[in-house]
Amino acid sequence: MNHLEQLIRLALDEDIGMKDITTDAIVDESLIAHARITAKQELVVAGLDVAKKVFQLVEPSIEWDAKHEDGDFCEAKTILAVVRGKAASLLTAERTALNFLQHLSGIATATRIFVNAISGTNVKILDTRKTTPGMRALEKHAVLMGDGVNHRMGLYDRYLIKGNHIIIAGSITEAIERVKKRRIPGILLEVETKTIEDVREAVACGVDIIMLDNMSPPQVREALVEINGRAKVEVSGNITIDNIMQYAMTGVDFISVGAITHSAPAADIHMVLEMYQ
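In this text, all values refer to a predicted model and were calculated from it rather than measured experimentally. (Residues numbered from 1 in each chain as written. Predicted model: local features only at pLDDT ≥ 70, side-chain atom pairs only at ≥ 80, totals over all residues. Heavy atoms only, no water.)

Draft legend 1. Fine view of the pattern of salt bridges. Counted according to the given criterion, the structure contains 16 salt bridges. Close ionic contact of arginine 36 with glutamate 274 constitutes a salt bridge, the shortest N to O distance being 2.6 Å. A residue pair is termed long-range when its members are at least 10 positions apart, and arginine 36 in strand S1 (residues 32-39) and glutamate 274 in strand S12 (residues 269-275) qualify at 238 residues. Its salt-bridge partner being aspartate 127, residue lysine 140 comes within 2.6 Å of it at the nearest N-O pair. Taken together, the residues span a long stretch of sequence, with lysine 140 in helix H5 (residues 136-145) and aspartate 127 in the loop between strand S6 (124-126) and H5 at a distance of 13 residues. Aspartate 127 carries the same exposure label as lysine 140, and that label is buried. Three or more residues joined by partner-sharing salt bridges are found here, namely Glu5, Arg9 and Lys53. (Salt bridge = Lys/Arg side-chain N within 4 Å of Asp/Glu carboxyl O. Helix = DSSP H or I, 4+ residues; strand = E, 2+ residues; numbered from the N terminus. Buried < 20%, exposed > 50% of the residue type's maximum accessible area, 1.4 Å probe, protein only.)

Next up, the structure:
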């Protein structure tokens, strides 16, 4: 059983428990229906394959007809998918399927809003590790569907020296040297900096990416002069839709936005059932 199936089964078990007692009491097992899953707002859709998997784990014979693909921008009232099968199974799977679809579409939509806000620049919007436990791969997929770019997936695929690492090592220089002694070839090395002095030290040591943490746009410009193209530059911390263009106009390479995963509102999507047998 792969991770996605495990996650969906956990969500279904959480919701269904011993059984869906309301549906069991009301709906005849032989009743067949179809349901339309519809966007109630403008959104970027993500999670259609996850929703499909939810329905099919509840009832393998359920038919799924996607009308759009992940990454599509959809107007309000757009039909995203049609599902057909036993009415009882459709009702039992509905909330879990919509929870995934609404959450992931919300992330994709929020990401696209940030991407559009800096349209015309060459800056890439990055996600972070501020994700729902167990759902990181899905949430980072949703970021991609919103035209964002994935930062590291976890602690294993990029060296990122942060403030607490520096405290333990004693300095940025010492932390970088310790990483370089044990560095796995081909893995990027990034260091978090909080001051211009930190930036100078990181540049002198030689790293792939310098993160400018919680710096103002004027401070970012000063840091870019110090870096002078010797490393890629990421800006992070307190980035909002209102100030992101100010940061993008400085000429950095990346802006990471934790809010696109940890605070994206769920997209408004619903399912309406119609009986045909």
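Draft legend 2. Examining the sheet that holds strand S8 (residues 189-193) more closely. Read from one edge of the open sheet, six strands run S6-S11-S10-S9-S8-S7, paired in parallel fashion. Of all the strands in the sheet, just S6 and strand S7 (159-161) have a single pairing partner and so form its edges. Averaged over all pairs of adjacent strands, the angle between their axes in this sheet comes to 25°, without regard to strand direction. Of the strand pairs in this sheet, S7 and S8 are connected by three bridges, and their pairing is parallel. If you follow isoleucine 161 over to S8, its bridge partner there is valine 191. Along the sheet face, helix H7 (residues 172-181) touches S7 and S8 and points at about 165° away from the line of S8. (Pairing = 2+ DSSP bridges. Axes fitted to C-alpha atoms, helices over the stretch in contact; angles between N-to-C directions. Contact = heavy atoms within 4.5 Å.)

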